[in-house]
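Here is how the chains run, residue by residue.
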Amino acid sequence: MNVTSADGTTIAFDQRGSGSPVILVGGAFNDRTTVAGLAEVLAADFTTIAYDRRGRGDSGDAPEYAFEREIEDIAALIAHAGGSASVFGHSSGAVLALEAAAAGLPIDKLVAYEPPYATAEEARGDVLEKVRAQLAAGDRDGAVATFLMIAGTPAEMVEGMKQAPVWGWFTGLAHTLPYDLTICGPGAHPRTENLAKIAIPALVIGGGASPEALQAGARVAASAVPGARHETLAGQDHGVLQFPETLKDLLTGFLK
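Below is a summary of the structure that appears in this document. Because the structure is a prediction, the values reported are computed rather than measured.

Parameters at a glance
Residues numbered from 1 in each chain as written. Predicted model: local features only at pLDDT ≥ 70, side-chain atom pairs only at ≥ 80, totals over all residues. Heavy atoms only, no water. Buried < 20%, exposed > 50% of the residue type's maximum accessible area, 1.4 Å probe, protein only. Helix = DSSP H or I, 4+ residues; strand = E, 2+ residues; numbered from the N terminus. Arc of directions from axis to C-beta. Contact = heavy atoms within 4.5 Å. Pairing = 2+ DSSP bridges. Core = buried A, V, L, I, M, F, W, Y, C linked by side-chain atoms within 4.5 Å. Phe/Tyr/Trp six-rings, centres within 6.5 Å; stacked < 30°, edge-to-face > 60°. Lys NZ or Arg CZ within 6 Å of the ring centre and 35° of its normal.

This next bit is on helix α4 (residues 128-136). Among all positions of α4, only L128, V131, Q134 and L135 are buried. Take α4 and look down its axis: the buried residues cluster within an arc of 130°, on one side only. Residues of α4 that are exposed and point over 90 degrees away from its buried face: E129 and A136. Contacts from the buried residues of α4 go to α5 (140-150) and α8 (177-184). Of the residues trailing α4, G138 is marked for its positive phi of about 80°.

With that settled, consider the pairing of strand β5 (residues 85-90). Of all 6 residues making up β5, 6 are buried, and the element is well covered by its neighbours. Residues A85, V87 and G89 of β5 are buried on one face, and the alternating residues S86, F88 and H90, pointing to the opposite face, are buried as well. As judged from the 4 bridges shared by strand β3 (residues 21-25) and β5, these two strands associate in the parallel manner. Directly across from V25, in β5, lies its bridge partner G89. With 5 bridges joining them, β5 and strand β6 (residues 107-113) adopt parallel strand pairing. If you follow V87 over to β6, its bridge partner there is L110.

In this section: the nonpolar core. Residues I23, Y51, I74, L77, L98, L110 and I198 are the most contacted members of the largest nonpolar core, which totals 43 residues. Per element, the largest residue contribution to this core is 8 residues, and it comes from helix α3 (residues 92-102). Those residues in contact with I23, other than ones at most four positions away along the chain, are I49, Y51, I74, L77, I78, A85, S86, V87 and F88.

Moving on, we come to the packing of aromatic side chains. Across all of its chains, the model carries 4 aromatic pairs by this definition. If you follow K109 out to its NZ or CZ, it ends over the ring of F254, 5.5 Å from the centre.

In structure tokens:
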């Protein structure tokens, strides 16, 4: 299925289940297949919409990127869903979901899993221009490695990933990494003035097995959104989408 965003870009999605709609927003290196498991788990209670963010999978793209266009993509999906919907976002997709709510989209409830925000004390580099330059030079491997290391992946782990089948998936989506870096903003510091505008029920989740930096990012988001609820999902980390059933009770209890 497809919707057309405000700038004419086609956004592809899969819809499952019945009940109140929930839009699932993936992060970096994600398309709709990576949230499909969660969509299936929730489909017993909700109408789930798993979509390809622009530039990924079967969705189109535009010559110039602005994260406002991605907010418009979510708006088009909400319109398809009947005019309002809840939204779940993972990683940089959680930042996008938060920004969509801050922009005033008709979102009923919002769930953000580990938005990768830096704390006020953390000095995280800004690699957007470096990644853009690597991509312009055709160095997709370098762009992926730069992104992973700024996200906190140890260099030796990155080298190991290069030998694994997943590396081809990463490099295939490398052209969208500037999108995720733009969404997160310089140094991945939250746009607190935007988050303070969110006036809907919000749940921010961190994984109990995640590195402290990711758990801290979840706490940063929860403290910046008025009235947000913060939960830690024991035993899970940033790869929670591989174990979607662990999210079911928490999400169903909050979204219903």
